[in-house]
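Examining the three-dimensional arrangement
Spelled out from the first residue to the last, the chains are:
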Amino acid sequence: MTEADPGWVRTARNGAVLTVTLDRPDQLNAQTPATWAALRSAGEGLDDDVRVVVVRGAGRAFSAGLDRRMFDLAGQADGGLGGGGLGGGGLGGGGLGELAALPAEDAQERIRGYQAAFRWLRSPGIVSVAAVQGHAIGAGAQLALACDLRVVAEDLQLRLPETTLGLVPDLTGTSTLVELVGYSRAVEICLTGRAVGAAEAVGTGLANVAVPMEQLDGAVADLVAALLAPDAGAARETLALLRSAVRNEPAAQDVAERAAQVRRLGALAAGR
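Residues numbered from 1 in each chain as written. Predicted model: local features only at pLDDT ≥ 70, side-chain atom pairs only at ≥ 80, totals over all residues. Heavy atoms only, no water.

What to know about the sheet that holds strand β1 (residues 9-14)
- The six strands lie next to each other as β1-β2-β3-β4-β6-β8, forming an open sheet whose pairing is mixed. Of all the strands in the sheet, just β1 and β8 (209-211) have a single pairing partner and so form its edges. With strand direction ignored, the average angle separating the axes of adjacent strands in the sheet is 20°.
- Against the sheet, helix α1 (residues 33-44) makes contact with β1 and β2 (17-22), and its axis sits at roughly 180° relative to β2, the strand it touches most.
- Sheet contacts for helix α4 (residues 139-146): β2, β3 (52-57), β4 (127-132) and β6 (149-153); angle to β4, the most-contacted strand, approximately 140°. (Pairing = 2+ DSSP bridges. Helix = DSSP H or I, 4+ residues; strand = E, 2+ residues; numbered from the N terminus. Axes fitted to C-alpha atoms, helices over the stretch in contact; angles between N-to-C directions. Contact = heavy atoms within 4.5 Å.)

Written out as C-alpha cells, the structure reads:
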C-alpha cells in the first residue's frame, strides 16, 4: 500500500477461501478508519462461492490496535487525520478529536460505518477464522473476536484496554466477548484492561486452539480444510442455527431447526 491508499489491507482468493491480511507490520498492523474502509470493502465483495474467510496480521503481531495518531483529542493530528469520511484521505476519516466534535447522531453514524468493517465476518454462509499471533489489542482484539473461530500462537497477548483510556470497546467486541467467556470474566477483562495469554484464551473459550508460532499457518490450514469438508448447504444451515441459538428462546430455536432440516431434506431429495 502507498500513503495515498493507506488501508494496509490485502486480500487473496484461493477457491472457496478468502484470506484478508492486515499488512502494516512495521506498525504492528495498527488500524485507522482507512483500514476499516478496506475491511468493509472486502466484505462487500464477497460472493456465494466463498465459504471460509481467514483474517491474519503480517509480521509479529496480529494488530496492536488504533494508530497512535488517532488518539489526538484536541483535534486533527499531524499525518492527515482530518477530513474525507470513512476511507478518505490521510488516515481515512479523522481521529478521536474529530469524532468527539461531531454532533452525537453524526458521530454514532460514523462509528456504525466502522462497525460494518467487523460485523460482516459473521455474514450468512461464511465461517471466519482469525489467525492471531503476538499482540491483539483494542481494535485488534475486536477484529479477532469478530470472527467465528480463533487459532492463536502461544505468544498471544490479547487486551481490551479501552476502558482504562476513558473509552469503551465499540467495534462489535462486547457481544462476542460475553458470549464466549461469560459476563463476569468479560467485566474483569474489560475493566482491568489486562492481557489474556494463549492458555487462558483456550481455557475460557476465547480461542479454539493455541500452537507454537511456527505451527500457526499449518494449524489454520488444517482447520480450513476441515471446515470445507462437509456439504456446503448443510454447513451453512448448521452455522446459521448455531448463530441464532445464542439469542433465540428454546421454542424459537426448535422452529428454526425444523425449518432448516426440511430445507436440507428437500435439497438432498432433489440431488442438490
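A short note on the nonpolar core
- Ranked by size, the top nonpolar core spans 43 residues in total, and within it Trp-36, Leu-39 and Val-53 carry the most contacts.
- For this core, the element with the most residues is α4, which contributes six residues.
- For Val-53, the contacting residues outside a window of four places in its chain are Leu-18, Val-20, Leu-46, Trp-120, Leu-121, Ile-126, Val-127, Ser-128 and Val-129.
- Val-54, Ala-131, Ala-219 and Leu-239 belong to the second largest nonpolar core, which has 14 residues in total. (Core = buried A, V, L, I, M, F, W, Y, C linked by side-chain atoms within 4.5 Å. Buried < 20%, exposed > 50% of the residue type's maximum accessible area, 1.4 Å probe, protein only.)

As for the pattern of salt bridges
- Taken as a whole, this structure holds 16 salt bridges when the rule is applied.
- As a salt-bridge pair, Arg-194 and Glu-188 come within 2.4 Å of each other at their nearest N and O atoms.
- You can call Arg-194 partly exposed: its relative accessible area is 24%.
- Taken together, the shared-partner salt bridges connect Arg-185, Glu-188, Arg-194 and Glu-200 into one network. (Salt bridge = Lys/Arg side-chain N within 4 Å of Asp/Glu carboxyl O.)

Regarding empty space enclosed by the protein
- If you walk through the whole model with that rule in mind, you get one cavity of 30 Å³ or more.
- A volume near 30 Å³ is recorded for the largest cavity.
- Here the residues of the lining of the largest cavity are counted per class, giving seven nonpolar, no polar and one charged. (1 Å grid on protein atoms, 1.4 Å probe; cavity = no way out; pocket = protein on both sides within 12 Å on 5 of 7 lines; lining within 4 Å. Points joined across faces, edges and corners; volume = space filled by probe spheres on them. Nonpolar A, V, L, I, M, F, W, Y, C, P; charged D, E, K, R; others polar.)

Thoughts on the side chain of Gln-253
- Tracing the backbone shows Gln-253 in helix α10 (residues 250-269).
- Note on Gln-253: relative accessible area 9%, which makes it buried.
- Here Leu-241 takes part through its backbone oxygen, which lies 2.8 Å from a polar atom of the side chain of Gln-253.
- Once you skip the residues sitting within four places of it in the chain, Gln-253 turns out to touch Leu-241, Ser-244, Ala-245 and Asn-248. (Polar contact = N/O pair within 3.5 Å; in protein donor to acceptor, adjacent residues only side chain to side chain.)

Structural notes on the packing of aromatic side chains
- Summed over the entire model, instances satisfying the criterion amount to two aromatic pairs.
- Measuring from centroid to centroid gives 4.7 Å for Trp-36 and Tyr-114, while their planes differ by 55°, and the two rings are tilted. Here Trp-36 is found in helix α1, whereas its partner Tyr-114 is found in helix α3 (residues 104-119), with 78 residues between them in sequence. Tyr-114 shares its class with Trp-36; the two are buried.
- Put simply, the rings of Trp-36, Tyr-114 and Phe-118 touch in pairs and so form one group of aromatic residues.
- One cation-aromatic arrangement involves Arg-24 over Trp-8; the distance from NZ or CZ to the ring centre is 3.8 Å. (Phe/Tyr/Trp six-rings, centres within 6.5 Å; stacked < 30°, edge-to-face > 60°. Lys NZ or Arg CZ within 6 Å of the ring centre and 35° of its normal.)

Concerning the environment of Leu-191
- Within the secondary structure layout, Leu-191 lies in helix α6 (residues 183-192).
- Among the residues examined, Leu-191 registers a relative accessible area of 56% and is labelled exposed.
- For the pair formed by Leu-191 and Pro-161, sequence separation is 30 residues and the distance between their alpha carbons is 7.6 Å.
- With residues up to four places along the chain from it excluded, the contact list for Leu-191 reads Thr-163 and Thr-164.

Structural notes on unusual backbone geometry
- Although it is not a glycine, Asn-29 sits at a positive phi angle of roughly 55°.
- With respect to the helices and strands, Asn-29 occurs in the loop between β2 and α1.
- Unlike most non-glycine residues, Thr-172 shows phi in positive territory, near 75°.
- Structurally, Thr-172 can be placed in the loop between β7 (157-159) and α5 (173-181).
- The exposure class of Thr-172 is buried, given its relative accessible area of 11%.

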